[in-house]
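Single-letter residue listing:
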Amino acid sequence: MTGRNRPPLEPGRVLGHFVNVAGTVFVLRASAGGHRIGVRLHHDEGPEIAIVCLPLDPSARLIRWQGLLWSSNPPEWKQEVRDLAFTAIDAILGGRPGAAARP
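Throughout what follows, the structure given in this document is the object of discussion. Bear in mind that the values here come from a model prediction, so they are computed numbers and not experimental data.

Conventions and cut-offs
Residues numbered from 1 in each chain as written. Predicted model: local features only at pLDDT ≥ 70, side-chain atom pairs only at ≥ 80, totals over all residues. Heavy atoms only, no water. Salt bridge = Lys/Arg side-chain N within 4 Å of Asp/Glu carboxyl O. Pairing = 2+ DSSP bridges. Helix = DSSP H or I, 4+ residues; strand = E, 2+ residues; numbered from the N terminus. Axes fitted to C-alpha atoms, helices over the stretch in contact; angles between N-to-C directions. Contact = heavy atoms within 4.5 Å. Polar contact = N/O pair within 3.5 Å; in protein donor to acceptor, adjacent residues only side chain to side chain. Buried < 20%, exposed > 50% of the residue type's maximum accessible area, 1.4 Å probe, protein only.

## A look at the pattern of salt bridges
Consideration 1: Scanning all chains against the criterion turns up five salt bridges.
Consideration 2: In this structure, Glu48 and Arg40 form a salt bridge, with 3.8 Å as the shortest nitrogen-oxygen distance.

See the structure below:
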């Protein structure tokens, strides 16, 4: 079963978090439709800085930055957050086809 055919994530569910080298906490939360994952700053109700599109399909996964403030950050910062988010998503989903792992 490909990532695009998998059932959606539980809408609005907090999937996990990660911390960058500066110590900033980012929270991963499933979108309202369960087909995307929002990257939020500091806590699950914090500002959404990015959306991970196609999170269940690692080969097609991409990140879309939300708002001018976040998209204007240096490329190194964005690359770090992207890599950490994708690594955390892989760990949370466990790489198991057909179902998301529960943290």
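We are not done yet, so read on.
## Overview of the sheet that holds strand S5 (residues 62-65)
Consideration 1: Taken together, the five strands give an open sheet; going across it, the order is S1-S2-S3-S4-S5, and neighbouring strands pair in antiparallel fashion. Each edge of the sheet is formed by a strand with only one pairing partner; in this case those strands are strand S1 (14-19) and S5. Adjacent strand axes in the sheet meet at a mean angle of 25 degrees when their direction is disregarded.
Consideration 2: Sheet topology note: the strand S4 (residues 48-53)/S5 ladder contains four bridges and is antiparallel. Residue pairing for S5: Val52 is matched across the bridge by Ile63.
Consideration 3: Here helix H2 (residues 75-93) sits on the sheet and contacts S1, strand S2 (25-30), strand S3 (36-41), S4 and S5; the angle it forms with S1, its principal contact strand, is near 135 degrees.

## Side note on the environment of Arg61
Consideration 1: Along the chain, Arg61 falls in the loop between S4 and S5.
Consideration 2: Put simply, Arg61 and Arg36 are 25 residues apart on the chain and 9.9 Å apart in space, counted from C-alpha to C-alpha.
Consideration 3: Excluding residues that lie within four positions of it along the chain, Arg61 makes contacts with Val52, Cys53, Leu54, Pro55, Phe86, Ile89 and Asp90.
Consideration 4: A polar contact is formed between the side chain of Arg61 and the backbone oxygen of Pro55, at a distance of 2.7 Å.
Consideration 5: Within the structure, the side chain of Arg61 is placed 2.9 Å from the side chain of Asp90, a separation counted as a polar contact.

## Section: the environment of Leu69
Consideration 1: Mapped onto the elements of the fold, Leu69 is located in helix H1 (residues 67-71).
Consideration 2: Taking C-alpha positions, Leu69 is 8.7 Å from Ile49, a pair spaced 20 residues apart along the chain.

## What about the pairing of S4?
Consideration 1: Here S4 lies mainly inside the structure; five of its six residues are buried.
Consideration 2: Summarising the sheet, S3 and S4 pair through five bridges and their orientation is antiparallel. Looking across to S4, one finds that Arg36 is bridged to Cys53.
Consideration 3: The antiparallel hairpin formed by S3 and S4 contains six residues in its connecting segment, where His42 sits at a positive phi of about 75 degrees.

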